[in-house]
Amino acid sequence: MRDPHDPPPTLRLLSLGAGVQSSTLLLLAAQGAIPRFDYALFADTGWEPARVYRHLERLEHIAADAGISLLRVSTGNIRRDALDERHRFASMPLFVLGPQGQRGMARRQCTSEYKIKPLKKEARRLLGYPHPARVPTGVYATQAIGISLDEVHRAKDADVKNLRNEFPLLDLGWTRRDCRSHLTAHGLGDTPRSACIGCPYRSTASWAEMAATEPAAFEDAVAFDAAIRHGHPAATRSGMPLHGTYYLHVSRKPLDQVDLTAPSGPEPEGCSPWSCRADAAPAAAAAEGSETQ
């Protein structure tokens, strides 16, 4: 949050996930309803559904017309890296089934590696002080984050001095439903949820929607799910002991064997770069394999 005694920000940034809330913020800024952003930053994992990339192209036009620079930043392709034994594995929150039926989750590092770190790196670059340069005191950017009133508990301060988090939807008193209504009124009612194709935090309903509307993406997720059954290939081929099997779906069944017509146990609530809705889920468990460090 911005300290009222701070000097004015050097830049105004939008953390753009391309989902409902952040898309609403971009649209409101383009319409002049909230102050304009200098840059909207989208952290691209390289494995978003096609509909997210199509929506992002629409947002690029909206941003350009309003004089807002929309930048895509990336640190790699999360799918390719997760299956590459030569690449350091940023653990995904995969569902784990232990040899005696223990149920747990692997540690979540992917959001930090593929979303948060590249966004922070780009903010430093735009401020003119790329790492390892020291950012002078008083030089900072505000970073607008799309957290709505029904998720106020997710609003947190930034953990670095060169960023100040702001939450315009909270200032407006808007809920996710208000955001959806505003997008619909301006031709963006089909704004998708933004999440990697193979995000374990997808609900059963989300998997079912993908299977019905983007079958190629669903088949890609099925193939990935099978490929990670025994963890990262580097651990598998090195002979490290495994203590469970890994799955994308909360049921801890192969994705192509899951009944997508009904929920299967407690459902994940979705993922967000700056304050994950699923942070309440167990971060690790005894069943977790040794490669998820």
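Reference entry: report on the structure contained in this document. (Residues numbered from 1 in each chain as written. Predicted model: local features only at pLDDT ≥ 70, side-chain atom pairs only at ≥ 80, totals over all residues. Heavy atoms only, no water.)

Some words on the side chain of Glu214
- Relative to the helices and strands, Glu214 resides in the loop between helix 7 (204–213) and helix 8 (215–227).
- Among buried charged residues, Glu214 stands out as having no salt bridge; its nearest opposite-charge side chain is Arg51, 4.5 Å away.
- Leave out the neighbours within four places in its chain, and Glu214 touches Pro49, Ala50, Arg51 and Glu209. (Helix = DSSP H or I, 4+ residues; strand = E, 2+ residues; numbered from the N terminus. Buried < 20%, exposed > 50% of the residue type's maximum accessible area, 1.4 Å probe, protein only. Lys, Arg positive; Asp, Glu negative; His and termini not counted. Salt bridge = Lys/Arg side-chain N within 4 Å of Asp/Glu carboxyl O. Contact = heavy atoms within 4.5 Å.)

A word on the pattern of salt bridges
- If you walk through the whole model with that rule in mind, you get twelve salt bridges.
- We note a salt bridge from Glu151 to Arg154, for which the minimum N-O separation is 2.3 Å.
- Judged by relative accessible area, Glu151 falls into the buried class, the value being 9%.
- For Arg154, a relative accessible area of 3% corresponds to the buried category.
- Across the pair Asp225 and Arg229 runs a salt bridge whose closest N-O atoms are separated by 2.8 Å. As far as the burial class goes, Asp225 and Arg229 line up, both buried.

Topic: the environment of Leu26
- Structurally, Leu26 can be placed in helix 1 (residues 20–30).
- Sequence-distant contacts of Leu26, that is, excluding residues within four places in its chain, are made with Leu14, Leu16, Ala40, Leu59, Ala63, Ile68 and Leu70.

Looking at unusual backbone geometry
- Backbone torsion omega between His131 and Pro132 reads 15 degrees, so that peptide bond is classified as cis.
- If you trace the backbone, Pro132 turns up in the loop between helix 4 (110–127) and strand 6 (141–144).
- Notably, Ala18 is not glycine yet its phi reads approximately 70 degrees, a positive angle.
- For Arg252, which is not glycine, the phi torsion reads 60 degrees and is therefore positive.
- Looking at where Arg252 falls in the secondary structure, it is placed in the segment after strand 8 (245–247).
- On the accessibility criterion, Arg252 (11% relative accessible area) is buried.

Topic: the nonpolar core
- Judged by nonpolar contacts, the single largest core of 32 residues is most densely connected at Leu94, Trp207, Phe218, Phe224, Leu248 and Leu255.
- The element contributing the most residues to this core is helix 8, with five residues.
- The contact partners of Trp207, leaving out residues within four places of it in the chain, are Ile197, Gly198, Cys199, Arg202, Phe218, Ala221, Leu248, His249, Leu255 and Leu260.
- Among the nonpolar cores identified, the runner-up in size contains 24 residues, and Leu27, Ala40, Ile68 and Leu188 belong to it. (Core = buried A, V, L, I, M, F, W, Y, C linked by side-chain atoms within 4.5 Å.)

Observations regarding the pairing of strand 6
- Residues Ala141 and Gln143 line one face of strand 6 and the alternating positions Thr142 and Ala144 line the opposite face, and both faces are buried.
- The pairing of strand 1 (residues 11–15) with strand 6 spans four bridges and is classified as parallel. Across the sheet, residue Leu11 finds its bridge partner in strand 6, namely Ala141. (Pairing = 2+ DSSP bridges.)

Considering the environment of Met210
- Within the secondary structure, Met210 is located in helix 7.
- According to the relative accessible area criterion, Met210 is buried, its value standing at 5%.
- Sequence spacing of Met210 and Ile197 is 13 residues, and the spatial spacing of their C-alpha atoms is 8.7 Å.
- With near-sequence residues (within four places) excluded, Met210 lies in contact with Ile197, Arg202, Pro215, Ala217 and Phe218.

Some remarks on the sheet that holds strand 2 (residues 39–43)
- An order of 3-2-1-6-7 is seen for the five strands of this open sheet, with the pairing classed as parallel. The sheet is open, and its two edges are formed by strand 3 (69–73) and strand 7 (163–166), each paired on a single side. Sheet twist, expressed as the average angle between the axes of neighbouring strands with direction ignored, equals 30 degrees.
- In the sheet, strand 2 pairs with strand 3 via five bridges, with the strands oriented parallel. Pairing of Leu41 across the sheet is with Leu71, part of strand 3.
- Across the sheet, helix 1 is in contact with strand 1, strand 2, strand 3 and strand 6; its angle to strand 1 comes to roughly 145 degrees. (Axes fitted to C-alpha atoms, helices over the stretch in contact; angles between N-to-C directions.)

None of this, on its own, says anything about what the molecule does.
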